[in-house]
Amino acid sequence: MKIKGPLNVIYFEKGNSDSFKTVTIDNVKDFTGVPETFHNVKEIDFQALFNFSDYAVDIYEPLNEDCTDFIIEYLAKNKDDDSLRGENLEKFSGCLLSELLPIYFELGFVNSLKKVYQEDITVNFKLIVQDLNDNLVLSYEAKLFKIQGLIYALYTHEDVNNSFINDEFKEFYQFNLASAISQDYMFIKKNQKFVDLEKMYSISPLTFEDMSFKGVSKSEWLKIYDNIIKGEVLSYSGEVKFETDKGSPCYFIAYLSPEFHNGKLAVKFNFSDITSFNKTVEQGKILHDNLVVCQKLNKFALLHGDNRGFFGWDDEIYNILEFDSEEVEKIPQGYNIFDEYMNDDDREIFEGLLNGDCDFLHEKTFKISTHKGNVKYLVIYSFAQVSEYDPSYRWIVTCVQDVTDIIIIRKQLEENSDKIKKGIGEKEILLKEVHHRVKNNLQLIVSLLNIDLHFNKDDPESTIWNTIDRINSMALIHDKTYQSGNLESANVNDYIVTQASQIFNLYGTNNIKLITDIEDIELDMDIIIPLGLMINELILNTIKYAFPGDSKGHLSIKLKRSDEGMFLKCL
């Protein structure tokens, strides 16, 4: 972008407010003149080394002891353009400073050169170029010092690159920054860009009191401000934050430098808007924090590596492998710690990704022993990419997830599933047994009913009551069986005692004493049901026929195991 209109060129020495000068030129071309007088130049040792230095060097020699003018012995070469206004720089070696750069006399630069030469001191200076709207065009700092009768001006190549510009192809680069001028701790002037930013961000007109730099206290930055006014500090930059009327902050890099305004020293503030950048950084941090939370919850780590030996794990891998923080600090940066936990076959697969044998590795499960000796199961997902610019360069991204808990739960589910299947099979068998027993019991009741009907044709009520007693006896068996939790058997002692007591209570028998001597054993259902019916008949017959009237007696029931089986005795 071409610079139109006049420019202000500002020059001052560090720590010397009296040296502050401003010169206005109408055109960029006015910055330099056409030299006519040339002198012989001295041979400078190691001059060729200047081209390889990170610093640029201009060299001057006084024309006379009074230093009324200076001979340009050497001008720093532009690394990108070996020209001065399109001409070779060597052409100007030996010319007078007053003819090539007359503006330096107006600015007082020659006074600085004279002081350095005559007093043998070092001077730091700054040169600023800006348009009449206070937009910064150029700014650089340099140091002047004397060696063997010559004066050297030392500054960075980055600064000198903008010092002299081809008027046809390389105009001054204009930093279109928001700017403000401050005097006496107040903003006394703002350019249009500054006002536009206030409107864009809905910021109430900013005042000097709103200024605060990140990481710097109010008192510290006011001290910097005072030192800039005094010329003791040539420049300062830092990040500032302003709260908007909408509640969301905006961010700027503020660049401070001395200024001369209305005949009085001032501080120039240039603001570069970094709000979008900071918001992007903030969003990136949020994404990173969310990723860390996801890693902690899901126990996974990420690796970035390539086929040139670079490996970069994030910190979660060390938690998965159970390393202490002190041990992690001893691991060399870039070392693939996971390599120690793979067997030869797994390592071959992993290396195949780097060598191009395959492009992805999907859900490969590794069983490892951690640093602390615990067994873990890890699942690895990897994919590889080839560089678009260098086909020989191959990089991979790998996700390692700790699935130990999932594997353990899966095994427990499989074991429980087997137990459930086994239990269902047992219940199906028992259900068939129940159906079989119910059928047998019903057949037994029918048979007993037929017998009763045969012998008690004239007493159907007796048949009904006998049947009820038998059904109750069978029900008691099933009740005891279900209470025991074992559907295959029941405790015979508990069953017979309960059965006999219920019958005696039912018939209100007080003249007969019940005596039991029954071994405390478990009997199968197929045995205990007919045994219970048999004992039921014995008890009923005893009550009905053994002791007529109010005669008293006893019923003894004895059941023991013998070598031949079970022995039942009723007296």
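Right, let's walk through the structure included here. If you're wondering where the values come from, they're calculated on a predicted model, not measured in any experiment.

### Some points on the overall build of the protein chain
- In terms of regular secondary structure, the protein chain is built from 14 helices and 22 strands.
- Taking the contacts inside the protein chain whose residues are at least 6 apart along the sequence as the reference set, 59% of them involve residues at least 24 apart.
- Summing over all exposed atoms, the protein chain offers an accessible surface of approximately 32300 Å²; the carbon and sulfur share of this is 52%.

### Overview of the sheet that holds strand β19 (residues 512–518)
- Judged by pairing direction, the sheet is mixed, and its three strands sit side by side in the order β19-β21-β22 without closing on themselves. Lying at the two open borders of the sheet, with one neighbouring strand each, are β19 and β22 (565–570). Each adjacent strand pair in this sheet contributes to an overall mean axis angle of 10°, direction not counted.
- Alignment of strand β21 (residues 553–562) against β22, held across six bridges, turns out to be antiparallel. Residue Lys 560 lies in a different strand from β22, and its bridge partner there is Phe 567.

### Remarks on helix α7 (residues 275–298)
- Taking 1.5 Å per residue as the helical rise, α7 with its 24 residues ought to reach 34 Å, and the 34 Å between its terminal C-alpha atoms agrees with that figure.
- Of the positions making up α7, those classed as buried are Thr 275, Asn 278 and Gln 295.
- Of the surrounding secondary structure, the elements contacted by the buried residues of α7 are β10 (236–243), β11 (249–261), β12 (264–273), β13 (300–306) and α8 (316–320).
- Note on α7: the residue one or two positions beyond its end, Lys 299, has a positive phi of about 55°.

### Points about unusual backbone geometry
- The residue Tyr 185 is not glycine, and still its phi comes out positive at about 60°.
- Summarising the element assignment, Tyr 185 is placed in the loop between β8 (178–183) and β9 (186–190).
- Despite not being glycine, Lys 299 shows a phi value in the positive range, around 55°.
- Within the secondary structure, Lys 299 is located in the loop between α7 and β13.

### Quick notes on the environment of Lys 268
- Within the secondary structure, Lys 268 is located in strand β12.
- Distance from Lys 268 to Lys 189, taken between C-alpha atoms, is 9.6 Å for residues 79 residues apart in sequence.
- What Lys 268 contacts, discounting residues up to four positions off in sequence, is Gln 130, Asp 134, Ser 179, Ala 180, Ile 181, Tyr 255, Leu 256, Ser 257 and Glu 259.
- Among the polar contacts listed, one links the side chain of Lys 268 to the side chain of Gln 130, at a separation of 2.7 Å.

### Some remarks on the packing of aromatic side chains
- Applying the stated criterion to the full structure yields 28 aromatic pairs.
- Between Phe 145 and Tyr 152 the ring centres are 5.7 Å apart and the planes differ by 5°, which places this aromatic pair in the stacked class.
- Where Tyr 318 meets Phe 323, the ring centres are 6.2 Å apart and the plane angle is 85°; that geometry is what we call edge-to-face. Considered together, Tyr 318 and Phe 323 belong to a single accessibility category, that of buried residues.
- The ring of Tyr 117 carries the charged tip of Lys 146 above its face, separated from the ring centre by 4.4 Å.

Criteria and thresholds
Residues numbered from 1 in each chain as written. Predicted model: local features only at pLDDT ≥ 70, side-chain atom pairs only at ≥ 80, totals over all residues. Heavy atoms only, no water. Helix = DSSP H or I, 4+ residues; strand = E, 2+ residues; numbered from the N terminus. Contact = heavy atoms within 4.5 Å. Areas by Shrake-Rupley, 256 points an atom, 1.4 Å probe, with all protein chains shown as cover. Pairing = 2+ DSSP bridges. Axes fitted to C-alpha atoms, helices over the stretch in contact; angles between N-to-C directions. Expected span 1.5 Å × (residues − 1). Buried < 20%, exposed > 50% of the residue type's maximum accessible area, 1.4 Å probe, protein only. Polar contact = N/O pair within 3.5 Å; in protein donor to acceptor, adjacent residues only side chain to side chain. Phe/Tyr/Trp six-rings, centres within 6.5 Å; stacked < 30°, edge-to-face > 60°. Lys NZ or Arg CZ within 6 Å of the ring centre and 35° of its normal.

These figures capture arrangement, not role.
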